[in-house]
Amino acid sequence: MPIMKISVLGKFSIEYNGHIISDDLNRSKKMWNLLAFIVINHKSAITQSRFIDALWSNDNSNPVNALKTQLFRTREMLKPLGLEEDGCILSSRGAYSWNPEYEIVLDAEVFEELVRDAETSSLSTQDKINKYLEALQLYEGDFIPKLSGEVWTIPISARYHSIYLDAVKKLCSLLDNENDCETIIKVILKAIEIDNLDETLHCILITAYIRCDRYKDALDHYDSATGILYRNLGVNPSEELRALYSQIMDTQKSLETDLVIIQEHLMENSLDNGAFFCEYGYFVKTYQLTKRRLERLGLSTYLCLVTLQSDKGKTPELSKLDAYMAKLMEILKLSLRNGDVVSKYSGAQYILMLPCVNFENAEMVMNRILSKYKKKFRTDKVILSYKIKEI
């Protein structure tokens, strides 16, 4: 009898004897839910009470009849596979089980076994890498995404997800020792598609880009990663991410000896109107350099912090905050001079450096910014406030 191939990672499909059915079919979600529960428990019988607790715990109707109805419909759904008369779901004495005559290969079990093999200490480094790569190729996504809302799937999905991320990081460590950054990049790009909120993955990818001399990709991904992490988790770049940013900027300078070319590079985007916007790490460096010059020249420069809050005095909802901050940046560009320096300090704050002004002028600039925002975006339910301090 042919072997039945069942996929549950990233999709739910069953392939048997040249026939395939998958959850792309427009069938009841309850049938797929029932079938998935049987597949995951294919090594043991499942009692009626266990079925009902897992799949009908919140249903006040007659769960026994509902179970029997769904089992009948599920068996009918499986008929296109060309199964024998008994099918692959057996019932006996109030319990249901997978028909052992149908040998199955379940991608989740193969994936876990390959990861376990890869962690065998006696294997060579290359054999470990090969095992990990084979395992990760099977992981097309988390456990049956279309059933992600079902309570019984949550711990299973979390478990496989954790095994996957751990395997990705261990593989990348092995590949790093082999100086194989290109493979690291391929592995991590897929991993980030599956989980883009794991900061370690972003750090591994940026590091690999740097080692492959792909500095533009590294910088682009830094910008993308910091935006994703803030929008979804409300967190600012960690010290590790900021250190990588500094490394990108420090190492991307090639060995150029032509001063004309260097000057052209230095002048790129220098004709942009308005204040100079930069990443916070460079704002810090600019601040330190400015402070040294001020001590020597005796000029005054003021540091200003602009904070955006909801009308209730709290940080605005993350879903709206990006739009508010973009509007505030627009006002800053219109209100500040070419020599003023601006950076995003947090998800709801900008920090400014206003050189060669006194306190009264600095206050005038900040009040002008607040006034312009209120006038142009009067429907926004936000409050702008500022603080000023001489450097």
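Above this text is the structure in question.
Quick look at the structure, then. Quick caveat: nothing in here was measured; it's all calculated off a predicted structure. (Residues numbered from 1 in each chain as written. Predicted model: local features only at pLDDT ≥ 70, side-chain atom pairs only at ≥ 80, totals over all residues. Heavy atoms only, no water.)

Of the regular secondary structure elements, the protein holds 14 helices and twelve strands. A globule of 391 residues ought to have a C-alpha radius of gyration of about 21 Å, yet the protein, at 29 Å, is considerably larger. In terms of overall dimensions, the protein has C-alpha extents of about 90 × 55 × 30 Å along its principal axes. Every one of the 391 residues in the protein was classed for burial, and the buried ones make up 42%. In the protein, the share of contacts with a sequence separation of at least 24, taken over all contacts with a separation of at least 6, comes to 65%. A total accessible area of about 22,100 Å² is found for the protein, and carbon and sulfur atoms account for 50% of it. Each charge class in the protein can be summarised by its mean position, and for the 48 positive and 54 negative side chains these summaries are 8 Å apart. (Helix = DSSP H or I, 4+ residues; strand = E, 2+ residues; numbered from the N terminus. Rg over C-alpha atoms; globule rule 2.2 N^0.38 Å. Buried < 20%, exposed > 50% of the residue type's maximum accessible area, 1.4 Å probe, protein only. Contact = heavy atoms within 4.5 Å. Areas by Shrake-Rupley, 256 points an atom, 1.4 Å probe, with all protein chains shown as cover. Lys, Arg positive; Asp, Glu negative; His and termini not counted. Charge placed at Lys NZ, Arg CZ, Asp CG, Glu CD.)

Further remarks concern helix H4 (residues 107–118). When the terminal C-alpha atoms of H4 are compared, their 16 Å separation across twelve residues agrees well with the 16 Å that a helix rising 1.5 Å per residue should span. The set of residues buried in H4 consists of Asp107, Ala108, Phe111, Glu112, Leu114, Val115 and Ala118. With its buried residues spanning 160° around the axis, H4 presents them on a single face. Looking at the buried positions of H4, the neighbouring elements they touch are strand S1 (4–7), strand S7 (104–106), helix H5 (125–138) and helix H6 (153–177). (Expected span 1.5 Å × (residues − 1). Arc of directions from axis to C-beta.)

What follows covers the pattern of salt bridges. Tallied over the full model, the rule gives 15 salt bridges. For Glu112, the salt bridge identified is with Arg159, shortest N-O distance 2.2 Å. Residue Glu112 is found in helix H4, and its partner Arg159 is found in helix H6; the two are separated by 47 residues along the sequence. For Arg159, a relative accessible area of 41% gives the class partly exposed. Residues participating in the shared-partner salt-bridge network are Glu119, Asp166 and Lys170. (Salt bridge = Lys/Arg side-chain N within 4 Å of Asp/Glu carboxyl O.)

Inspection of every chain in the model, using the stated rule, returns 15 aromatic pairs. Residues Phe51 and Tyr96 carry aromatic rings whose centres are separated by 5.8 Å and whose planes lie at 70° to one another, so their mutual orientation is edge-to-face. One end of the pair, Phe51, is in helix H2 (residues 48–55); the other, Tyr96, is in strand S6 (residues 95–98), with 45 residues separating them in the sequence. Between Tyr222 and Tyr245, the ring centres sit 4.8 Å apart and the planes meet at 45°, which makes this aromatic pair tilted. On the criterion of sequence distance, the pair formed by Tyr222 in helix H9 (residues 215–233) and Tyr245 in helix H10 (residues 239–251) is long-range, its members being 23 residues apart. There is no split in this pair, since Tyr222 and Tyr245 are both buried. Three or more aromatic residues link up through ring pairs in this structure, and these residues are Phe37, Phe51, Tyr96, Phe143, Trp152 and Tyr160. In this arrangement the basic side chain of Arg159 is found over the ring face of Tyr160, its NZ or CZ atom lying 5.5 Å from the centre. When the ring centre of Phe277 is taken as origin, the NZ or CZ atom of Lys333, which lies over that ring, is 5.8 Å away. (Phe/Tyr/Trp six-rings, centres within 6.5 Å; stacked < 30°, edge-to-face > 60°. Lys NZ or Arg CZ within 6 Å of the ring centre and 35° of its normal.)

Moving on: the sheet that holds strand S10 (residues 341–346). Sheets are built from strands paired through backbone hydrogen bonds, the pairs being either parallel or antiparallel. Read from one edge of the open sheet, five strands run S8-S10-S11-S9-S12, paired in mixed fashion. Only two strands of the sheet have a single neighbouring strand rather than two, namely strand S8 (276–277) and strand S12 (382–390). Taken together, the seven bridges between strand S9 (residues 301–310) and strand S11 (residues 349–355) define a ladder with antiparallel strand orientation. Bridge pairing in S11 links Leu305 to Ile351. (Pairing = 2+ DSSP bridges.)

Right, let's get into unusual backbone geometry. Of note, the phi angle at Asn17 is positive, near 55°, even though the residue is not glycine. Examined against the element boundaries, Asn17 turns out to sit in the loop between strand S2 (13–16) and strand S3 (19–22). Positive phi, normally seen in glycine, also occurs at Asp213, with a value near 60°. Among the structural elements, Asp213 can be located in the loop between helix H8 (199–211) and H9.

Together, Lys312, Lys314, Lys320 and Lys381 give the surface a local cluster of positive charge. Assignment of secondary structure puts Lys381 in the loop between helix H14 (359–376) and S12. Overall, the relative accessible area of 60% leaves Lys381 in the exposed class. (Patch = residues over 30% accessible without salt bridge, like charges linked within 9 Å, V, L, I, M, F, W, Y side chains within 5 Å.)

With that settled, the discussion passes to the layout of surface pockets. Its boundaries defined by the atoms lining it, the second largest pocket holds a volume of some 630 Å³. Lining the second largest pocket we find 25 residues, and of these Asp223, Thr226, Cys278, Glu279 and Lys344 sit closest to its centre. Those elements that provide at least two residues to the lining of the second largest pocket are H9, H10, helix H13 (318–335) and S10. For the lining of the second largest pocket, the leading source of residues is H9, giving six residues. Residue composition of the lining of the second largest pocket, by class: 13 nonpolar, six polar and six charged. (1 Å grid on protein atoms, 1.4 Å probe; cavity = no way out; pocket = protein on both sides within 12 Å on 5 of 7 lines; lining within 4 Å. Points joined across faces, edges and corners; volume = space filled by probe spheres on them. Nonpolar A, V, L, I, M, F, W, Y, C, P; charged D, E, K, R; others polar.)

The subject of this paragraph is the packing of helix H1 (residues 29–40) against helix H3 (residues 63–78). Packing of H1 against H3 brings their axes to within 9 Å, and their N-to-C directions diverge by 85°. In terms of axis orientation, H1 runs roughly perpendicular to H3. Counting all contacts with H1, which are made through Lys30, Met31, Trp32, Leu34, Leu35 and Ile38, the residues of H3 involved are Leu67, Gln70, Leu71, Arg73, Thr74, Met77 and Leu78. Residues belonging to the contact of H1 with H3 are distributed by class as follows: nine nonpolar, two polar and two charged. (Axes fitted to C-alpha atoms, helices over the stretch in contact; angles between N-to-C directions. Parallel < 35°, antiparallel > 145°, perpendicular 65-115°, else oblique.)

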